[in-house]
Amino acid sequence: MSLKTDVHLPINPSDDPLRLTGRRLPRWAPAASMAAGLVIGILLLVTGVKILGLTWWVVALLAFLLIYGGWTLSVEGRRHATDRIATAAVYLTAAAAIIPLAWILITVITKGISAINLEFLTSTMRNVNPRAEGGGILHAVVGTLTQVGIATLISVPIGICTAIYLSEYGRGRLARSINFFVDVMTGIPSIIAGMFIFTFWILTLGFPQSGLAAGLALSILMIPVVIKSAEEMLKIVPNELREGALALGIPKYKVIIKIVIPTAISGIITGVMLAVARVTGETAPLLLTTFLAQDVNWNAFEGSQASLPTFIWDQIARGTQSSLDRAWGGAFALIFLVLIFYSAARILAAIYAPRER
Amino acid sequence: MSAPVHEPQLHPGITSERSVRPGDRNFRFLTTGAGITVLIVLAAIAAFLIWKSVPALQNNTGSLLTNQQWLPDADPPSWGISVLIFGTLWTSILAMVIAVPIGIGTALFIAFYAPRRLSKGLGFIVDLLAAVPSIIFGLWGLYNFMPYLVPFAEWLSTYLGWIPIFTNNVDLYTKSILIAGVVLALMILPTVSAISREVFLQVPRSHIEASLALGATRWEMIRMSVFPFSRPGMISAAMLGLGRALGETIAVALILSAVFEINWKLTEPGGNSIAANIALKWGEAGDNGRSALIATGLVLFFITLVVNMTARWVVNRRKDFSGAN
Amino acid sequence: MDAHRTSVSSDTATDPTVEATGQEKLVTSSIVSPEAVPQFRIELKNLDIYYSDFLAVQGVSLQVRPQSVMSFIGPSGCGKSTVLRSVDRMHEVTPGARVSGQVLLDGEDIYAPNVDPVLVRRTIGMVFQRPNPFPTMSIYDNVIAGLKLEKSRGVKKSSFDDTVERSLRGANLWDEVKDRLDRPGAGLSGGQQQRLCIARAIAVEPEVLLMDEPCSALDPISTLAIEDLIHDLKNQYTIIIVTHNMQQAARVSDETAFFNLESVGEPGRLIEVGSTTDIFSQPKHQQTEDYISGRFG
């Protein structure tokens, strides 16, 4: 065994004072570098000088990175410099993700809220000239709620029952194919769902364009999402629960209905709400199936019916300033609806989370 | 004297799944039926759309793959998918190139850099981007974001114009593939980030501690322990993001200028994707036009399917070798 | 001081020349400047260890001599692993975890404000309960994983060959793997993987080696192999080992520290520390005696 025999004795700390600390940047180094970068950027802003045509805050950012990187490289060495620059880069990407989101939300809220008033919420676009002001989204809101409602009524029973089959019964080839094709269905582009319903339901079967058609198209998109999330929630229910109930002589279907489903119900509801939030914002399938009504249509089974997404699309297409204002108002209402559902679902999920990581 | 022989009574339901109890049978029938309904619906969609796309494919006078026109309702019909496939792929790949680093960086931030109390909230906020409807992305992208991107596009063509994809020969920078790509990137960012985040949070503590105990810095730990373990998951996240970008319709339809031509230059007003084309042309399309649009839709569906299936395969194949115990 | 040192190492097989030289050096340097050279490799002073607001371990003070093995024993949950992990600043990797008090390495507080945890962990190595070789790396790459961090890029792999052989020999693994250094590290048996982790830890030439129940996931034969290894490693490194196996502590260590909890929810405390023979044959506290004779734990 070739062990060295030079034994390490305790070292006098004053012999190598940097042994444990290395050379470190002071704690205020990042802030100082940021300030330096900012100063350089503001200098450029004030004097109007452009380096390589870059805007001042881009230069400020680059200056910060260069100063910080160079500083740490010279003091702390390559390893810590890489670590610090990586940290800065990671923070930057997080900002790049969050800033646009905040931007979108703030834009929609500020531009949209000015359009929202009682008249906007209770009137329709009937007889409203695109160039004129006024008009409202009542017909669109009614349409969206109706269509999403229909989609939910169709998707939830089929979706949950399929999920139950996959989780509780399916073991063989049928279950595997259903699983595979549900995966395929989650990837259907939304416009294809719209194309199918238009050509099949409206053209071939001859039904009129209607809110129902739109609801059908939405349910094609909603069913796979409901199935996947419900199946996951059901799979989380511990097997011991099922076995304990079966051992008591309770028939399987009662075990599922009375024990398994109630245990998973909060997760299933969350999944359904997330699916609802998703389809509420879908535009493409609606464009193809309901066209663009200007008045309220309370009858979901006949006649074109507006919806919030198609309302926004339509108003953008009109091209006038008042139409654009109305579009922002509609966007506000739409985002409001979607985010309510979405946040409620996430909060519910967090409260009733059955497992911890 | 012989004692009566008791045969063990077989209770229905214990011996097999096939119970004679009506409640069980009906319920099982109901759930199986639901599953089969889903299969039937999907089969119907595929079959019906394929059937409906045949006429346009048959009477197309141009070559499907190379024709760069869109005149399916003309006499004779002449249309091709090359422009559409190019536009679809070009915008989606650009979106992926932008979204993947940002998504992975955000996931790293939430998993390894942010204070524990903030990370759940941050995850919620990033996921919130996923809930924003695409029409709103289109609206905001067109009217609010584009004016800020245009100077950037100008800068690209001025200073990096020697790279062919950044040249701009028409001095018009609006409604370009670059802008559509950036907006698409924001739309798929939450998908990439959420999946990456899941994978990062699953790296076993023992791997992380092994590198830290050797005296690794945080970034070295991520490179030594996290990335090798998470590679299949990150690839899958990127591909699923790509899949979403491919199918996105409305934002692209609003932002692109819908010129029907193959144009590599990112900053010039540009092209068309399959989905956007359908959305824009459906209303005025005649019978053959609709048939042609359906054909393109099926091509899109096929491409998306291949991408999504590959993403799943990557994860499943490498699960055995990822070192997870 | 010298007499103390002799009694500590008397029951373990040590190279007498090394020990004599050590004593000599200690005597010479103590003549020159008695305060400057610290006597202990590791010293804990009044260490309190927290998980957020929860006090897990309270008031630990002990000293570990160079080139010796100290074992931490005690019932589960008493905090011995927590104390071990605070010696190389691994404890603070858990969010919210912190310590108060001092941990001195050669007289220097490793928790001083400007200290770089990266350097601390370089100087104080750790081997974990479950062997954790990097799964995507070969045996060779596993051993030099820590070294590669320090070397700049462009250094050829072959220049590490000597280090790899030295470390694998030091871990008693060389003969078994010398022909398959490029195979994945995760393909070895449990005992081999643990020795690979030890090789990886000593490749960076730390001064102290911490071992957190290194044999508890291994079979008896591998356990014996690792205990033999510890005997050899002691000549070069200072070792602290946490073990729930008292016989192992008796076999392997020069000194033993016994930790215990009053009751659930109370912080763990150091009850008694001393030479292994003393702890096992003449414990000073009743709790120690009870634990050693198996009345609890």
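Residues numbered from 1 in each chain as written. Chains lettered and ligands numbered in written order. Predicted model: local features only at pLDDT ≥ 70, side-chain atom pairs only at ≥ 80, totals over all residues.

Asker: Help me get a handle on the overall build of chain C, residues and values and all.
Answerer: Along its length, chain C carries 12 helices and 10 strands. Looking at chain C as a whole, 45% of its 297 residues qualify as buried. Counting contacts in chain C only where the partners sit at least 6 residues apart, residues at least 24 apart contribute 70% of the total. (Helix = DSSP H or I, 4+ residues; strand = E, 2+ residues; numbered from the N terminus. Buried ≥ 20, exposed ≤ 12 C-beta atoms within 10 Å, placed from the backbone. Contact = placed C-beta atoms within 7 Å.)

Asker: Explain the overall build of chain B to me, using residue names and the numbers behind them.
Answerer: In terms of regular secondary structure, chain B is built from 10 helices and 2 strands. Taken from the N to the C terminus, the helices and strands of chain B come in the order α-β-β-α-α-α-α-α-α-α-α-α. The C-alpha atoms of chain B give 27 Å as radius of gyration, which overshoots the globular expectation for 325 residues (20 Å, by more than 25%). Seen along its three principal axes, the alpha-carbon backbone of chain B occupies a region of about 110 × 65 × 30 Å. The proportion of buried residues among the 325 residues of chain B is 50%. Long-range contacts, defined as pairs at least 24 residues apart, comprise 71% of the intrachain contacts of chain B with a sequence gap of at least 6. (Rg over C-alpha atoms; globule rule 2.2 N^0.38 Å.)

Asker: Tell me what's going on with helix α5 (residues 138-169) of chain A, and back it up with residues and numbers.
Answerer: Residue and element names in this part refer to chain A. When the terminal C-alpha atoms of α5 are compared, their 45 Å separation across 32 residues agrees well with the 46 Å that a helix rising 1.5 Å per residue should span. Along α5, the helix axis deviates most sharply at Ser 155, where the bend reaches about 25 degrees; the proline Pro 157 sits within four residues downstream. Counting buried positions over the 32 residues of α5 gives 25, a clear majority of the element. (Expected span 1.5 Å × (residues − 1). Bend = angle between axes of the 7 residues up to and from the residue.)

Asker: Before we move on, can you summarise the confidence of the model for chain C with the specific residues and values?
Answerer: On average, residues of chain C carry a pLDDT of 84, and 84% of them reach 70 or more. This complex was scored by the predictor with a pTM of 0.84 and an ipTM of 0.85. (pLDDT = per-residue confidence, 0-100.)

Asker: Tell me about the environment of A:Thr146, and name the residues and values.
Answerer: Residues and elements named next belong to chain A. Turning to its location among the elements, Thr 146 is positioned in helix α5. Here Thr 146 falls in the buried class, since 21 other C-beta atoms lie within 10 Å of it. As for Thr 146 and Arg 27, which are separated by 119 residues in sequence, their C-alpha atoms are 58 Å apart.

Asker: Break down the packing of helix α3 (residues 78-113) of chain A against helix α7 (residues 218-247) of chain B for me, citing the residues and quoting the values.
Answerer: At their nearest, the axes of α3(A) and α7(B) sit 7 Å apart, and the two run at 85 degrees to each other. Judged by the angle between their axes, α3(A) and α7(B) are roughly perpendicular. Residue-level inspection shows A:Arg79, A:Thr82, A:Asp83 and A:Ala86 of α3(A) in contact with α7(B), the latter providing B:Arg218, B:Trp219 and B:Glu220. Grouping the constituent residues of the contact of α3(A) with α7(B) by class yields 2 nonpolar, 1 polar and 4 charged. (Axes fitted to C-alpha atoms, helices over the stretch in contact; angles between N-to-C directions. Parallel < 35°, antiparallel > 145°, perpendicular 65-115°, else oblique. Nonpolar A, V, L, I, M, F, W, Y, C, P; charged D, E, K, R; others polar.)

Asker: Outline the pairing of strand β9 (residues 255-261) of chain C, listing residues and values.
Answerer: Residue and element names in this part refer to chain C. The element β9 is largely enclosed, with a buried count of 7 among its 7 residues. Covered by surrounding structure in β9 are Glu 255, Ala 257, Phe 259 and Leu 261 together with Thr 256, Phe 258 and Asn 260, the residues of both alternating faces. Sheet topology places strand β3 (residues 69-73) next to β9; 4 bridges connect them, and they run parallel. Residue pairing across strands places Met 70 opposite Glu 255, the latter belonging to β9. When β9 meets strand β10 (residues 268-275), the two strands line up antiparallel, connected through 7 bridges. Looking at β10, one finds that Asn 260 is bridged to Arg 269. Between β9 and the antiparallel strand that follows it, β10, lie 6 residues; Gly 265 among them carries a positive phi value of about 100 degrees. (Pairing = 2+ DSSP bridges.)

Asker: Explain the packing of α5(A) against helix α8 (residues 211-236) of chain A to me, using residue names and the numbers behind them.
Answerer: Residues and elements named next belong to chain A. One can describe the packing of α5 onto α8 by two numbers: an axis separation of 6 Å at closest approach and a directional angle of 35 degrees. Both α5 and α8 take part in a crossing whose hand is right-handed. Of the residues assigned to the contact of α5 with α8, the class counts are 19 nonpolar, 10 polar and 2 charged. (Left-handed = near helix turned anticlockwise from the far one by under 90°.)

Asker: Report on the sheet that holds strand β7 (residues 208-212) of chain C, specifying residues and quantitative values.
Answerer: Residues and elements named next belong to chain C. The sheet built from 10 strands is open, its strands ordered β5-β4-β1-β2-β10-β9-β3-β8-β7-β6 with mixed pairing. The sheet is open, and its two borders are formed by β5 (108-109) and β6 (124-127), each paired with just one other strand. Bridge count between strand β1 (residues 42-51) and strand β2 (residues 54-64): 7 bridges; the pairing is antiparallel. Residue pairing for β2: Glu 43 is matched across the bridge by Gln 63.

Asker: Could you give me a rundown of the nonpolar core, with the residues and numbers involved?
Answerer: Core analysis: the biggest nonpolar cluster contains 257 residues, and A:Val226, A:Ile312, A:Ala331, B:Ile136, B:Val183, B:Leu184 and C:Leu209 have the highest contact counts within it. With residues up to four places along the chain from it excluded, the contact list for B:Ile136 reads A:Ile104, A:Val108, A:Ala331, A:Leu334 and A:Ile335. Formed by 7 residues, the second largest nonpolar core is a distinct cluster that contains A:Leu44, A:Trp56, A:Val59 and A:Ala63. (Core = buried A, V, L, I, M, F, W, Y, C linked by C-beta atoms within 7 Å.)

Asker: Describe the interface of chain A and chain B, listing the residues and the values that go with them.
Answerer: Of the residues lining the interface, 67 residues belong to chain A; the matching set on chain B comes to 67 residues. Those elements that place two or more of their residues in the side of chain A that touches chain B are α3, α5, α6 (173-186), α7 (190-204), α10 (252-280), α11 (284-289), α12 (308-318) and α13 (321-351) of chain A. When residues in the side of chain A that touches chain B are grouped by element, the largest group, 19 residues, is from α3(A). Here the residues of the side of chain A that touches chain B are counted per class, giving 49 nonpolar, 13 polar and 5 charged.

Asker: Any chance you could break down α10(A) for me, citing the residues and the numbers?
Answerer: In this model α10(A) runs just 36 Å from its N-terminal to its C-terminal C-alpha over 29 residues, more than 12% under the 42 Å that 1.5 Å per residue would give. The sharpest bend along α10(A) reaches about 55 degrees and sits at A:Ile265.

Asker: Pulling in residues and values, what's your account of the environment of C:Met137?
Answerer: Residue and element names in this part refer to chain C. For Met 137, the location among the structural elements is in the loop between β6 and α5 (139-150). Distance from Met 137 to Leu 196, taken between C-alpha atoms, is 12 Å for residues 59 residues apart in sequence. With near-sequence residues (within four places) excluded, Met 137 lies in contact with Asn 142, Ala 145 and Gly 185.

Asker: Please give an account of unusual backbone geometry that cites residues and values.
Answerer: Residue and element names in this part refer to chain B. Of note, the amide linkage connecting Asp 75 to Pro 76 takes the cis form, showing an omega dihedral of 5 degrees. By the element assignment, Pro 76 lies in the loop between β1 (70-71) and β2 (78-79). Positive phi, normally seen in glycine, also occurs at Asp 171, with a value near 55 degrees. Residue placement: Asp 171 occurs in the loop between α4 (134-159) and α5 (177-201).

Asker: Can you explain the confidence of the model for chain B? Please cite residues and give values.
Answerer: Summing up the model confidence of chain B, the mean pLDDT is 86 and the portion of residues at 70 or higher is 91%. Contacts for the low-pLDDT stretch residues 321-325 of chain B, under 50 throughout, to residues beyond four places or in other chains number 8 contacts.

Asker: Tell me what's going on with the pairing of β6(C), and back it up with residues and numbers.
Answerer: Residues and elements named next belong to chain C. On β6, burial covers both faces: Ile 124 and Met 126 on one face and Gly 125 and Val 127 on the other are all buried. Inspection of the sheet shows β6 paired to β7 by 4 bridges, in the parallel sense. Looking at the pairing, Val 127 lines up with Met 211 of β7.

Asker: So, the environment of C:Asp161: which residues are in play, and what are the values?
Answerer: Its place among the elements puts C:Asp161 in helix α6 (residues 161-170). Along the primary structure C:Asp161 and C:Ser71 are separated by 90 residues, whereas in three dimensions their C-alpha atoms are 33 Å apart.

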